[in-house]
Amino acid sequence: MTGFYAALARGEDVVARACLAGCAVLVFVAAVSRAMGVPILWAIDIAMLLFIWCAFLGADAALRARQHIIIDIIVRLFPQRVQRALLITHWSVMVLFLLTLVGLGIQLTMLNVQRPMGDTEISYAYVTAAVPFGALLMAITAARQLAAFWRDPKLHFGSGGESPL
Amino acid sequence: MTIGLTAFFLVLMFLGMPVAFAVGVASLTFFLTSDTIPAQIGVQRIASATQSFPLLAVPLFVLAGNLMNASGITDRIITLAKVMTGWITGGLAQVAIVVSALMGGVSGSAVADAAMEARILGPAMLQNGFSRGFTCAVIAVGSLITATIPPSIGLILYGFLGNVSIGKLFIGGVVPGLLMTILLMGTTWVIATRRGYKPDNPTFPGVMHLLRELNHSKWALLFPVFLVIGIRFGIFTPSEVGAFAVFYAVMVGVFAYRQLNWAKFNEALRHSIHDIGMIMLIIMLSSMIGYVISLEQVPAHAAQWIIGVTQNQNLLMAMLVVFILLLGMFLESTVIVLLLTPILVPIVIKAGIDPVHFGLVMMTATTLGGMTPPVGVAMFTVCGLLKTPIDEYTKEALPLLAAVITLIFTMAFVPQIVLFLPNLLM
C-alpha cells in the first residue's frame, strides 16, 4: 500500500478515531448536563452525525483488513478454480453495488440540503453525505482487492471475520 | 417479494459474499426493480438506521470493552479468577468460565471475550494437558456468559429493533448469566473429574490472598454495580451508560492502574473502529430489508399464522427456541437478530409473553448460534486461534451446549428466572 491510497487510509483512520472519541465525549457531556438540569440538546445530534461517519469509515477500514464476516463453509468444498471465479464475481458485484450507492447517495444528499438535523440548524445532508462518501471509499478498496485477487491466483476465501455479538 | 429477496440474500451469503454485502445487494436489487418504491428510499433507510439514540450504545460499549482491555482491567480479572477457582477440579477451565462471567460485567461481546481468552488462557490450558477440543469448547461456549450478563451488545440490538426497554433487558440478564456460570462450572467439573484434569493450584490460596485480589480488581467488579444502579434509578439511559463506561475505563486505566497511555488509547480506538464498521455495515445495509419486511406486513401475517398454529405460550416459546437454535447453526447471530426481532416481538406480545422475558430467551439462543457448528463466529475465532479442527471442537462442546440449551428451555418455561430481578428493581 503506497502513495495516494496509503495516505487516504491514514486520513480515514485519523478521522474515524476522532469521530468515535468525539461521539463518546458528546454523549457523556449530554448525560452530565441533563443530570444537572441544563441539557445540551445539540450534543446528541452532533454525536449521531459523528456516529454515521465513524460507521462508514470503519466499514471501509474493516473491508481493507478483510474482516467482514464471510460464511465459507460451502464454498470451501468447491474446487479452487470455482472458488476463484466466485471470489472475482462477488467483489465485482460489490464494486458495482457500492458505485450504485454512491450515485443514489448523492441524489439523496441533494434532497436533504434544506432539511435541518434534529434540534440544530445543521443540514441533514451532512448525515446522508456519509453514505456516498463511505460507499466511494469502499468501492476504491473493493476494486483494489479485486485487482489483487486477479493478479494472485493463490488468494482464496479466508474463514469468517469476527462477530461483534 | 420478501421470500424472493430472502432467498437471493441466502444464496449470495452461502456462496461466500461478505454477509453485509449479500444483504445489501439483495435489498438494493429489490428497490431497483420495484416500480412503486423509489430507490432513494433504500438509501434513506441506510442513513436513518444510524440516527437513533439507543443505537449509540453499540459503538460506546464496543469502545468501552476495548479500553477495559487496554487499561489493565482484564489482566486483573484473570488473576482474580485464578485465585477464586484455580484450585477447583478442572483448574484453568473453571478459570476461563469465571473470567467470562467477570468480563460480562464490563464487556458486551461474546466473541471479543472468546478471542481474548483464546489468546491469553488458551495456550496455558493446552500446556496443562487439556485437550484442544475441550479448551476451545470451554472458551467458546463459556463466552456466552459475557453476552448474557449486562452490558450486552445483542440485547441492545434486540431492544432497539423490538422497541423494548434496554434497561430492563440488561437487568433481566443478571440471573440467567449467573445460572449459566454455575451450570457450566458444574458440567466442567464432571468432565474434569472423569478425565483427571488437574487443578491449576493444589489448594485454595487462602482468604487473605483472595481479598487482596478482590481489592486489585475492585474497579472492574464495581462497574456492573454502577451500571445497574445507574439504569435502575433512571439516572442514565443505556447509551449514556455506554459513554460513562468509556469515561470510567479511561479514568481507571490512567489514574488507578496507570497502564493506559496515549498509544494504547489510540490502539483501542482503532480496534473499536474496525468492530463498529463491521457490525454497523450489516445493520445499515439490512435496514433496507427491514423496510420491505414491514412494507409487506410480514410480522402481522407471521403472527396470524403462528397464533393459528398454537395459542399455548409454552409451546410457542419451545417452537421459537428450536427454530432459532436451528437457524443459529447456519446463520450469523447479528443477521438473526436483525431479521427476526421485528417479526417475532409483535408475535410474542400478541401471545401474551413479556418481550423482556422473550428477549433474554431469544438472545441467549441466538448468541449460542455463534458457538454451534457448522457455522459460528465465536467457534471459528477460538478454533482458528488455537488451530483446532471443528470436529474435535464439536465432540467436546456437546455436553456444554446441552447444559446451555437446558438452561434456555428452563428460562423459556419459567419466566421468573428472567423477570424476577427487573420486576423487583424497576
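Residues numbered from 1 in each chain as written. Chains lettered and ligands numbered in written order. Predicted model: local features only at pLDDT ≥ 70, side-chain atom pairs only at ≥ 80, totals over all residues. Heavy atoms only, no water.

Visitor: Mind showing me how you'd approach the overall build of chain A here?
Guide: Counting secondary structure elements, chain A contains five helices and zero strands. Along chain A, helices (α) and strands (β) appear in the sequence α-α-α-α-α when read from the amino end. For 165 residues, the compact-globule formula gives about 15 Å, and the C-alpha radius of gyration of chain A, at 19 Å, lies well above that figure. Across the 165 residues of chain A, 52% fall into the buried class. Of the contacts made within chain A by residues no fewer than 6 positions apart, 75% connect residues no fewer than 24 positions apart. For chain A, the exposed area adds up to about 7,600 Å²; of that, 69% sits on carbon and sulfur atoms. When the 12 positive and 9 negative side-chain charges of chain A are each reduced to one mean point, those points stand 13 Å apart. (Helix = DSSP H or I, 4+ residues; strand = E, 2+ residues; numbered from the N terminus. Rg over C-alpha atoms; globule rule 2.2 N^0.38 Å. Buried < 20%, exposed > 50% of the residue type's maximum accessible area, 1.4 Å probe, protein only. Contact = heavy atoms within 4.5 Å. Areas by Shrake-Rupley, 256 points an atom, 1.4 Å probe, with all protein chains shown as cover. Lys, Arg positive; Asp, Glu negative; His and termini not counted. Charge placed at Lys NZ, Arg CZ, Asp CG, Glu CD.)

Visitor: Would you mind showing me how to read helix α22 (residues 377–385) of chain B here?
Guide: Along an α-helix, residues three or four apart share an orientation, since each turn contains 3.6 residues. Among the nine residues of α22(B), seven are classified as buried, and the element is accordingly described as predominantly covered. Just downstream of α22(B), B:K387 is the residue with a positive phi angle, here 50°.

Visitor: How do you make sense of helix α18 (residues 298–309) of chain B when you look at a structure like this?
Guide: Residue and element names in this part refer to chain B. For α18, which comprises 12 residues, the first-to-last C-alpha distance of 16 Å matches the rise-based estimate of 16 Å (1.5 Å per residue) to within 8%. Those residues of α18 that fall on the buried side of the exposure criterion are V298, P299, A302, A303, I306 and I307. Buried residues in α18, looked at end-on, bunch into an arc of 150°, giving them a common side. Turned more than 90 degrees from where α18 packs its buried face, Q304, W305 and G308 sit exposed. Of the surrounding secondary structure, the elements contacted by the buried residues of α18 are α1 (2–14), α17 (262–295), α19 (313–330) and α20 (333–350). (Expected span 1.5 Å × (residues − 1). Arc of directions from axis to C-beta.)

Visitor: Is there a simple way to think about unusual backbone geometry in this case?
Guide: For residues besides glycine, phi is generally negative; the peptide bonds are generally trans as well. Each neighbour pair has its own omega, and for B:P150 with B:P151 the value is -5°, a cis peptide bond. As for its position among the elements, B:P151 is in the loop between α10 (144–148) and α11 (153–162). B:P373 connects to B:P374 through a cis peptide bond whose omega is 5°. Phi angles above zero are rare outside glycine, and A:R66 is one such case at about 50°. By secondary structure assignment, the location of A:R66 is in the loop between α2 (41–64) and α3 (80–111). One non-glycine residue with positive phi stands out, namely B:K387, at about 50°. The exposed category is assigned to B:K387, whose relative accessible area is 62%.

Visitor: Hey, could you run me through the environment of B:M251 in this one?
Guide: By secondary structure assignment, the location of B:M251 is in helix α16 (residues 238–256). Sequence separation between B:M251 and B:S71 is 180 residues; the distance between their C-alpha atoms is 8.9 Å.

Visitor: What is the right way to look at the nonpolar core in this model?
Guide: Nonpolar side chains in soluble globular proteins tend to end up buried together. Residues and elements named next belong to chain B. With 222 residues, the main nonpolar core has M371 and Y393 as its most contacted residues. With 17 residues, α17 is the largest single contributor of residues to this core. For Y393, the residues in contact, after removing those within four places along its chain, are G133, C136, A137, A140, V141, M371, P373, M379, C383 and T388. (Core = buried A, V, L, I, M, F, W, Y, C linked by side-chain atoms within 4.5 Å.)

Visitor: So what exactly am I meant to see when it comes to the environment of B:L401 here?
Guide: Residues and elements named next belong to chain B. With respect to the helices and strands, L401 occurs in helix α23 (residues 390–413). Given the relative accessible area of 7%, L401 is considered buried. It is 8.3 Å that separates the C-alpha atoms of L401 and M371, two residues lying 30 residues apart in sequence. In contact with L401, not counting residues within four places along its chain, are V141, L368, M371 and T372.

Visitor: What am I meant to see in the packing of aromatic side chains here?
Guide: Aromatic ring pairs are defined here through the distance separating the ring centres and the angle between the ring planes. In the structure shown here, the tally under the stated rule is 17 aromatic pairs over all chains. With a centroid separation of 4.3 Å and 25° between ring planes, the pair formed by A:F28 and B:F247 is classed as stacked. Placement of A:F28 in helix α1 (residues 3–35) and of B:F247 in helix α16 is noted, with the two residues assigned to different chains. Take B:F247: its relative accessible area is 34%, and that puts it in the partly exposed class. Between B:F226 and B:Y248, the aromatic rings sit 5.9 Å apart at their centres with planes inclined by 75°, giving edge-to-face as the arrangement. Here the residue B:F226 occupies a position in helix α15 (residues 218–232), and B:Y248 occupies one in helix α16, the gap between them amounting to 22 residues. Accessibility expressed as a relative area gives 34% for B:F226, which makes it partly exposed. A relative accessible area of 7% means that B:Y248 is categorised as buried. Through successive ring pairs, a cluster of aromatic residues spans B:F223, B:F226, B:F244 and B:Y248. (Phe/Tyr/Trp six-rings, centres within 6.5 Å; stacked < 30°, edge-to-face > 60°.)

Visitor: Just checking my understanding: could you explain a nonpolar patch on the surface for this structure?
Guide: Residues and elements named next belong to chain B. A surface patch of nonpolar side chains, about 560 Å² in accessible area, is lined by W87, F204, V207, M208, L211 and L214. Along the chain, L214 falls in helix α14 (residues 207–216). Taking relative accessible area as the criterion, L214 reaches 31% and is therefore assigned partly exposed. (Patch = residues over 30% accessible without salt bridge, like charges linked within 9 Å, V, L, I, M, F, W, Y side chains within 5 Å. Salt bridge = Lys/Arg side-chain N within 4 Å of Asp/Glu carboxyl O.)

Visitor: Help me understand the side chain of A:S33, please; the structure alone is not making it clear to me.
Guide: By the secondary structure assignment, A:S33 is in helix α1. Dropping the residues within four chain positions of it, A:S33 is found in contact with A:V38, A:P39 and A:I40.

Visitor: So what exactly am I meant to see when it comes to the pattern of salt bridges here?
Guide: Oppositely charged side chains are able to pair whenever their charged atoms sit close together. One pass over the structure, following the stated rule, counts eight salt bridges over all chains. The residue A:R64 makes a salt bridge to A:E12 at a minimum N-O spacing of 3.2 Å. Residue A:R64 is found in helix α2, and its partner A:E12 is found in helix α1; the two are separated by 52 residues along the sequence. Neither A:R64 nor A:E12 differs from the other in exposure class; each is buried. A salt bridge links A:R64 to A:D60, with the nearest nitrogen and oxygen atoms 3.0 Å apart. Taken together, the positions of A:R64 and A:D60, both in helix α2 and four residues apart, correspond to about one turn of that helix. Across the pair, A:D60 and A:R64 agree in class, each one buried. Put simply, A:D13, A:R17, B:E267 and B:R270 are held in one network by salt bridges that share partners.

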